[in-house]
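# Coordinates in review
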Amino acid sequence: MNVELPLIAVIAIFGYFGIKHLRPPTWLIVVLLLGGFLLADTFLAPAIESGTKAGVDSVNGTTK
């Protein structure tokens, strides 16, 4: 039996518990979110996407 869970759901769960238990300052969360949005518009975005996809594929065992 395979259970599929979207990556964004996993990230949201880790983020929720990380914020709840580690209590980082709010300004740090805002800076990291803004950094992610700004990084998405740079030339590094395709490399990050392909690296993330390769990592997820290797974990799932669906490499081509």
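Residues numbered from 1 in each chain as written. Predicted model: local features only at pLDDT ≥ 70, side-chain atom pairs only at ≥ 80, totals over all residues. Heavy atoms only, no water.

Glancing now at the overall build of the chain. Tallying secondary structure elements over the chain gives three helices and zero strands in all. Over its C-alpha atoms, taken along the principal directions, the chain stretches across nearly 40 × 35 × 15 Å. Expressed as a percentage of the 64 residues in the chain, the buried residues total 0%. For the chain, the accessible surface area stands at approximately 5,900 Å², while carbon and sulfur atoms represent 71% of it. (Helix = DSSP H or I, 4+ residues; strand = E, 2+ residues; numbered from the N terminus. Buried < 20%, exposed > 50% of the residue type's maximum accessible area, 1.4 Å probe, protein only. Areas by Shrake-Rupley, 256 points an atom, 1.4 Å probe, with all protein chains shown as cover.)

The next thing to look at is the packing of aromatic side chains. For the structure shown, the criterion picks out one aromatic pair. Each ring, one from Tyr16 and one from Phe17, has its centre 5.2 Å from the other, and the planes form 75 degrees; the classification is edge-to-face. (Phe/Tyr/Trp six-rings, centres within 6.5 Å; stacked < 30°, edge-to-face > 60°.)

Once that is clear, we can look at helix H3 (residues 45–60). Between the first and last C-alpha of H3 there are 22 Å, a value that for 16 residues agrees with the 22 Å anticipated at 1.5 Å per step. Positive backbone phi, at 75 degrees, marks Gly61, one or two positions downstream of H3. (Expected span 1.5 Å × (residues − 1).)

Turning next to the environment of Leu28. Summarising the element assignment, Leu28 is placed in helix H2 (residues 26–39). Between the C-alpha atoms of Leu28 and Glu49, which are 21 residues apart in sequence, the distance is 23 Å.

On to helix H1 (residues 7–22), then. Given a rise of 1.5 Å per residue, 16 residues ought to cover 22 Å, and the 22 Å separating the end C-alpha atoms of H1 matches this to within 8%. Remark: Arg23 follows H1 within two positions and exhibits a positive phi of approximately 50 degrees.

Read these as spatial facts, not as claims about activity.
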